[in-house]
Every structure is written in structure tokens, then in C-alpha cells.
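For reference, the chains in residue letters:
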Amino acid sequence: MSTVIHWFRHDLRLADNPALTRAVRAAQAHGHTLLPVYIWDPAQAQPTRWVPRRMGPHRMAVLADTLTALDSALQQRGSRLLVLHGAAVSLLPRLVRAVQAVQVSAEAIAAPEEQDEADALARTARLEGWRWTPVWQSSLLDPPDLPFAVERTPDVFTAFRQQVERADVQPRAPLPAAARLPALPPHDALWEPMAAAQGHAARLTQDGAHGPPLLCHTPLKRPVPPVLMPEARSAFPYHLPACAPGEAGAQDHLAQYMSRKLPHSYKHTRNGLIGVDYSSKLSPWLASGALSAPQIMAALRAFEAEHGANDGSYWLWFELLWRDHFRLMHLKHGRALYRARGLTQLSPPPHDPQAFQRWCEARTGQPLVDAGMRELAASGFLSNRMRQVVASHLVHDLRCDWRAGAAWFESQLVDHDVYSNQGNWLYVAGRGTDPRGGRRFNLDKQAQDHDPQGHYRRLWGTA
Ligand SMILES: Cc1cc2nc3c(=O)[nH]c(=O)nc-3n(C[C@H](O)[C@H](O)[C@H](O)COP(=O)(O)OP(=O)(O)OC[C@H]3O[C@@H](n4cnc5c(N)ncnc54)[C@H](O)[C@@H]3O)c2cc1C
């Protein structure tokens, strides 16, 4: 008997997961076992050129909880999640050999590091004779359905949106989760070779609760207080059941957002700064992949059919198109988006390490900016408006490298998404595709427009 492996990346869900569905069908068609795997790369906990730790404590906590939720969902369908620690490019081929896998499926990710991993795995697969099947699945719209080839995607968002809307492109219908998953490979086939190969025997523990063979993992440990005191002021309190990470939490949140008819007021509240309801707060689940964009649109269309469409419900679609546009820009421009100059011919950005440090530590002396940076550090979340304000201040007022800001957001944001983060930073810095060439926000005007009574600054103790 052979095995099909599904490598979970940023697609930590069972429903509407085309790559997983493909793996399940392949296993079922040939009577193979199915091994669901997540690989935690310890490099995520290491310093980079810009930040002391690539994945900060809030992201770690949400990831750990999401993996635990995924494992529970797999158990309900007769499977488990194997969590391994190491580099995917070396671990996956070892795993393939250990369980004699014939195929590895995974989500395709069009960012340089993830693409490098995929390319290395594709080469190994060719050499060793197994199938590597990446599937593009993180966008709302499927690229083949667009009225242009991906490499001809309009660089300007408005042109992109207009062409999509003129052609009436709609998302595919979400796929259901399989009721039952193929069995895991025999325990013996996996246990000994992996423990030996990885040198992490202690991390693979047997759990007999649901009958053998069961495999699991030490899921990532949540960082402990005092780093992570629950933050009551948070606009995304992921420590509360209402914002529980994982697929079930995502569905609950989406259902309550629709049943409270919040899409109708979205356009008027989306620039708010305080509270859970000013915007949809769907991004953390989208980022982990606990929720897919087609699932959101299916819920939104059902909502509109029942309660009527208005400019608020339209605007949610509009924002999800922004998310798609940044994905398509990655498919079109690739690594050029990661150059210091981005897509422009501008000279490299200036950088002031001390100013960057003060910005990270909420010590710029600007009450609005410092309030935002405190919120980010305390909660791992920040409204879109405040992201724009603090990003503009870093790049245009403090004259720091936009890549440093993007790296800080990457380490902090519980909804970090490589495409949206990179795309928005390039946009603010004027090094992407924005025809206006950069967005500089006037802090006094922003405070007047969005925090006229100073509630937000007082909430975070800077006024
Ligand atoms: C400098 C900067 C960095 C950012 N980094 C990220 C990031 O790492 N991950 C991330 O998901 N978003 C990022 N954004 C975009 C945006 O701020 C968040 O998507 C939004 O605040 C998430 O909250 P929400 O789900 O309540 O959004 P809502 O306002 O309810 O919007 C609904 C959904 O539309 C999408 N969306 C909304 N605005 C944008 C946008 N400007 N760009 C792309 N997609 C958008 C998101 O998927 C969001 O969940 C960034 C914005 C800026 C200015």
C-alpha cells in the first residue's frame, strides 16, 4: 500500500481546500493511505536582518491554536495531523521515503521563499519518481476565469476591478469537506524512520485515545504570559471564544457577521479604530487558511439574496478584490516586488535604525502613531486605517526602509499574509503599482478625521 501526503501550508482547513480534495481523491482512487502534515520551520523563531524574531508571540499563539483545531477536525474524520519541526525541503522527501508516498499535494504560494521550497521539492520529486502537485487556491477568483492572462493583469487596481466586473467573473462554489478521510499509513511505517531521520523522537508521541495507528505531534507551544496577557482592548481578541482560531471559529464568526447584518454598514464603519465590529475581522482566518475567500463570498451572496445588496455589501467584495490583486501582482511580477526599489527605478530607500527602533517600540512621540504601535504589540492586530497611518509615518516621515516596516508587521500581525503585506507596504512607499506614487498621510488630519475626540489615543495611553 502506498501513501498520498497533503502538506498543509497556509490552507489550514478541511472544507473548500482543492489541494486536499485532490489528495483525498487520489488516495481513494488507488486505495492509498493519506498523511496530513504540517511543517514548522524553526527559522521562523530566528532573527532576521530587521527583526529579532520572524514570527512573534501573537502569531505563534494563533498558529498553535489553529493547528490544534485542525488536528481535532482531522480526528473527527478518522485522521490526525503530523506536525514536524525542520525544513520542508529536506523533511518532506524523507517522509516520502518513509511511507513510500507516491504523491505530495500542497497549496501553491507565489512568494519567493515559498516558491524556492516548491521548486526544490519539484526537482527532488522528478529525481526520485514521486508526484509533486501544487494547487493555486488562495485567491477569490480562479486565474483561468479572468478575462486576461495572469501576466497581463492590469497593474492599476481600478482597471483590474473594472475588467473583472465587466466580465462578471464570479468565484467558484466552495467545496465541502470530506465526511471521512482515508486512513493514516501504518504507524510502524512512519514512526521509526521519521524519529530517526529527524532526530526529534521526543516530538512524535503516540496517542492511543482513538485507537492505533495515531500519530501526533507536539503542536507548537503557545508563548506564555507575561508576553501574552489577554488584551481586553484588542479589536481582534483571539483569546476569546468569539474569535477562536481554526476552521470552526471562522465559520462561527462569518455566520454571526452575516446574521447581525453587518455587511450593510461595512462601508461606513470600515475605517474605525476601536472594537470588534468596525470591519469584518475575517483576515486572521483568511491568513491561516482556516477560511477561504470563496466561502466568504458564498456567505455574502446568500446574505444579499436574503437581505438585499447595498454599498456596504458591495464594498466587502471590493476589498476582497484588493486581496486578489496583490496575489495577481505576485504571479505577474514575482521577485521584483521584493527589491528595495520594488517595481520602480527609484534609488534604494533611506534607513534610520534608531528611528525604526523607536517606531517598533511606540516611542516616536507622535500620539496617534504610538497608539497604533502599542495596539499592534499588545494584540497582534491593527485596523486598516492605522496600518496606513503608521506605515506612512515610518516611510515618509522617519525615512526608513519600507522592507523593515513590512518585516515588523510580518512578525506581529495575526493576519500576516505575504501578498497583502508586501503589496500594501509597496503601495504606501510608492514602489509598487499605485499610479499616485506613494501615500503620505498627514497625522493631524488623520487624528481629526478618525479620532476626533481622542478616544483611540486615550485607550492606548498616548493622549
Ligand atoms: C501596511 C499594510 C500592511 C497590511 N498587511 C496585511 C497583512 O499582512 N494581511 C492582511 O490580510 N491584510 C493586510 N493589510 C490590509 C488590511 O489592512 C487588512 O486586510 C484588514 O485591516 C484586515 O481586517 P478585516 O478583515 O477586518 O478587513 P475588512 O476591512 O473587513 O476587509 C475584508 C477583507 O478584505 C481584504 N482586504 C481589506 N483591505 C485590504 C487591503 N488593503 N489589502 C488587501 N486585502 C484587503 C482582507 O482579506 C480583509 O479580511 C495591510 C494593510 C496595510 C496598509
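Residues numbered from 1 in each chain as written. Predicted model: local features only at pLDDT ≥ 70, side-chain atom pairs only at ≥ 80, totals over all residues. Heavy atoms only, no water.

- The name that an unreviewed UniProt entry assigns to the chain is Cryptochrome DASH, with the source organism given as Aquabacterium olei.
- One UniProt comment on the chain, placed under Sequence similarities (unreviewed entry), says "Belongs to the DNA photolyase class-1 family." (UniProt positions renumbered as here; feature names shortened; annotations may be inferred.)

### Digging into the domain arrangement of the chain
The extent of an interface is frequently quoted as the accessible surface area lost upon association of the parts.
Move 1: Split by domain assignment, the chain resolves into domain 1 (3–137 + 178–216) and domain 2 (339–459).
Move 2: On a C-alpha basis, the centres of domain 1 and domain 2 stand 34 Å from each other.
Move 3: It is Trp50, His58 and Arg59 in domain 1 that bury the most area against domain 2; as a group they hold 53% of the surface buried on that side.
Move 4: Run the count over domain 1 and domain 2 and you get 1 salt bridge.
Move 5: Salt-bridge contacts for Arg54 lead to Glu410; the nearest nitrogen and oxygen are separated by 2.8 Å.
Move 6: Taken together, domain 1 and domain 2 are joined by 6 residue pairs in polar contact (both at pLDDT 80 or more).
Move 7: Here the side of domain 1 that touches domain 2 is built from residues that sort into 10 nonpolar, 2 polar and 4 charged. (Domains from an automatic or database assignment. Buried area = accessible area lost by both parts, 1.4 Å probe. Salt bridge = Lys/Arg side-chain N within 4 Å of Asp/Glu carboxyl O. Polar contact = N/O pair within 3.5 Å; in protein donor to acceptor, adjacent residues only side chain to side chain. Nonpolar A, V, L, I, M, F, W, Y, C, P; charged D, E, K, R; others polar.)

### Regarding the environment of Leu394
Move 1: Relative to the helices and strands, Leu394 resides in helix α14 (residues 384–397).
Move 2: For Leu394, a relative accessible area of 0% gives the class buried.
Move 3: C-alpha of Leu394 to C-alpha of Gly405: the two residues are 11 residues apart in sequence and 7.2 Å apart in space.
Move 4: In contact with Leu394, not counting residues within four places along its chain, are Phe356, Trp359, Arg399, Cys400, Asp401, Gly405 and Trp425. (Helix = DSSP H or I, 4+ residues; strand = E, 2+ residues; numbered from the N terminus. Buried < 20%, exposed > 50% of the residue type's maximum accessible area, 1.4 Å probe, protein only. Contact = heavy atoms within 4.5 Å.)

### Some thoughts on the packing of helix α12 (residues 353–360) against helix α15 (residues 402–412)
Helix packing for two helices is described by the angle between their axes and how far apart those axes are.
Move 1: One way to put it is that α12 packs onto α15 with a least axis distance of 11 Å and a crossing angle of 30°. Judged on the interaxial angle alone, α15 and α12 are roughly parallel. Of the two elements, α12 crosses α15, and the hand of that crossing is right-handed. Every residue of α15 that contacts α12 at Phe356, Trp359 and Cys360 is listed here: Ala404, Gly405, Trp408 and Phe409. (Axes fitted to C-alpha atoms, helices over the stretch in contact; angles between N-to-C directions. Parallel < 35°, antiparallel > 145°, perpendicular 65-115°, else oblique. Left-handed = near helix turned anticlockwise from the far one by under 90°.)

### Things to note about the nonpolar core
Move 1: Ranked by size, the top nonpolar core spans 52 residues in total, and within it Leu140, Leu141, Val164 and Leu321 carry the most contacts.
Move 2: Sorting elements by how many residues they give to this core places helix α11 (residues 311–333) first, with 9 residues.
Move 3: Two domains each donate at least three residues to this core, and these are domain 1 (3–137 + 178–216) and domain 2 (339–459).
Move 4: Trp359, Met386, Ala391 and Ala447 belong to the second largest nonpolar core, which has 39 residues in total. (Core = buried A, V, L, I, M, F, W, Y, C linked by side-chain atoms within 4.5 Å.)

### Here's the deal with the packing of aromatic side chains
Move 1: Enumeration over the complete set of coordinates arrives at 17 aromatic pairs.
Move 2: Ring centres 6.2 Å apart and planes at 40° place the aromatic pair Trp7 and Trp132 in the tilted group. Placement of the pair is Trp7 in strand β1 (residues 3–8) and Trp132 in strand β5 (residues 131–135), with a sequence separation of 125 residues. Take Trp7 and Trp132: they sit in the same class, and that class is buried.
Move 3: Ring plane angle 15° and centroid distance 6.2 Å describe the contact between Trp359 and Phe409, whose orientation is recorded as stacked. On the criterion of sequence distance, the pair formed by Trp359 in helix α12 and Phe409 in helix α15 is long-range, its members being 50 residues apart. Like Trp359, the residue Phe409 is buried in the burial classification.
Move 4: Pairwise contacts between aromatic rings join Phe148, Phe157, Phe160, Tyr314, Trp315, Phe318, Trp322, Phe326 and Tyr427 into one cluster.
Move 5: Over the aromatic face of Tyr278 sits the side chain of Lys281, whose NZ or CZ is 3.8 Å from the ring centroid.
Move 6: Looking at Arg387, its charged tip hangs above the ring of Phe381, at a distance of 5.1 Å from the centre. (Phe/Tyr/Trp six-rings, centres within 6.5 Å; stacked < 30°, edge-to-face > 60°. Lys NZ or Arg CZ within 6 Å of the ring centre and 35° of its normal.)

### Notes on α14
Move 1: For α14, built from 14 residues, the straight-helix expectation of 20 Å at 1.5 Å per residue is met to within 8% by its first-to-last C-alpha distance of 19 Å.
Move 2: Where burial is concerned, most of α14 is hidden: 12 out of the 14 residues are buried.
Move 3: Among the residues of α14, those classed as buried are Arg385, Met386, Arg387, Gln388, Val389, Val390, Ala391, Ser392, His393, Leu394, Val395 and His396.
Move 4: In this structure, the buried side of α14 is in contact with α12, α13 (367–379), α15, α16 (418–429), α17 (443–450) and α18 (455–459).
Move 5: Looking one or two places after α14, you find Arg399, whose phi comes out positive at around 55°. (Expected span 1.5 Å × (residues − 1).)

### Examining the sheet that holds β1
Move 1: Strand order across the open sheet formed by 5 strands is β3-β2-β1-β4-β5, with parallel pairing between neighbours. Of all the strands in the sheet, the pair left with one neighbour each is β3 (82–85) and β5. Geometrically, the sheet is characterised by an average inter-axis angle of 25° between neighbouring strands, direction not taken into account.
Move 2: Here strand β2 (residues 33–40) runs beside β3; their pairing, made up of 4 bridges, is parallel. Residue pairing for β3: Trp40 is matched across the bridge by His85.
Move 3: Most of the contacts of helix α4 (residues 112–128) go to β5, to which it runs at about 150°, and overall it touches β1 and β5. (Pairing = 2+ DSSP bridges.)

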